[in-house]
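Structural characterization, general
The primary structure of each chain is shown beneath.
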Amino acid sequence: LGEVPEEWKPKRLRFCIKVNPEKSEIAHLDKSTEVSFVPMENIGTDGNISLEKTQTLEQVWQGYTYFRDNDVVVAKITPCYENGKGALSQNLVNGIGFGTTEIHVLRGGKSLDSQFLFYLTKSTRFRSLGISQMTGVAGQQRVPGDFIKDYRTGIPPLTEQQAIAQFLDRETAKIDTLVTKTRISIDKLKEYRTALISAAVTGKIDIRENLTPSPN
């Protein structure tokens, strides 16, 4: 684990979160209840989840993974895990989601802020150690649930967790804005490059004054 601040308590996650909670906790709901449906392609590498799809509980009860608002979802299969797919679930229809079986669901307890937990799962250390623990045949390797349960890290006091999460919200939003602006600039430069080539080869711009005389 290395050095951590003195007031941070080194713990294994199994003592402060629940991994892959049972859907039996919502068994009392009517099976016609509408919920969010999240296939793997709707989970981003940037922490976002696309929530345009819905299903009824009856349609997803068998064969899909259950989660709810404020749960952290982490892709467990290669290459989605390595690519950083994962998110903090929010604004689910009726507060409930079902999705791909290729995710682990992490639920923070009273001592672990959900947003802090999400950022923890995005850290290089968490991802790299998870890769080293993958099991299965090539192309179908997965991070086991026990890796997450046994993952050892320093846990700050709750108020400090919340402060860290708020800081990361602000700073990563700034970075995301810069990334978007840079991508827009790159796209415009690519368009200009294509237009320049097209104009030159069709005679729409006169470049004769820039020609170098041929040697005699």
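What comes next concerns the included structure. Chains are numbered independently. Their residues run from 1 in the order of the written sequence. Since the coordinates come from a predicted model, pLDDT governs what is reported: local features require at least 70, and pairs of side-chain atoms require 80 or more to be given and counted, while whole-chain, interface and lining totals use all residues. For the side-chain quantities, the full set of heavy atoms in the structure was used; hydrogens and water were omitted.

The pairing criterion is simple: DSSP has to find at least two bridges between the two strands. Going along the chain from the N terminus, every DSSP run of H or I of four or more residues is numbered as a helix, and every run of E of two or more is numbered as a strand. Taken in spatial order, the four strands of this open sheet run S2-S9-S6-S7, and their pairing is antiparallel. Edge strands, defined here as strands with exactly one partner in the open sheet, are strand S2 (17-19) and strand S7 (86-88). When strand polarity is set aside, the average angle formed by the axes of neighbouring strands in this sheet is 15°. Note that strand S6 (residues 72-75) and strand S9 (residues 103-108) share four bridges and pair antiparallel. Within S9, the position partnered with Val72 by the bridge is Leu106. Lines fitted to the C-alpha atoms define the axes, with helices restricted to the stretch that makes contact. Angles between their N-to-C directions range from 0 to 180 degrees.

The next subject is the packing of aromatic side chains. Within a pair of aromatic rings, the relevant descriptors are the distance that separates the centres and the angle that separates the planes. The rule is short: rings of Phe, Tyr and Trp, with Trp giving its six-membered ring, pair when the centres are within 6.5 Å, and they are stacked under 30 degrees, edge-to-face over 60, tilted in between. Scanning all chains against the criterion turns up eight aromatic pairs. Taking 5.1 Å as the distance between ring centres and 85° as the angle between the ring planes, the aromatic pair formed by Phe37 and Tyr64 counts as edge-to-face. You can see Phe37 sitting in strand S3 (residues 34-38) and its partner Tyr64 sitting in the loop between helix H1 (57-60) and strand S5 (65-68), a full 27 residues away along the chain. Between Phe126 and Phe147, the aromatic rings sit 5.4 Å apart at their centres with planes inclined by 55°, giving tilted as the arrangement. You can see Phe126 sitting in helix H3 (residues 124-132) and its partner Phe147 sitting in helix H4 (residues 145-150), a full 21 residues away along the chain. Phe147 matches Phe126 in its accessibility class, with the two residues each being buried. When accessible area is computed with a 1.4 Å probe and restricted to protein chains, residues below 20% of their type maximum are described as buried, those above 50% as exposed, and intermediate ones as partly exposed.

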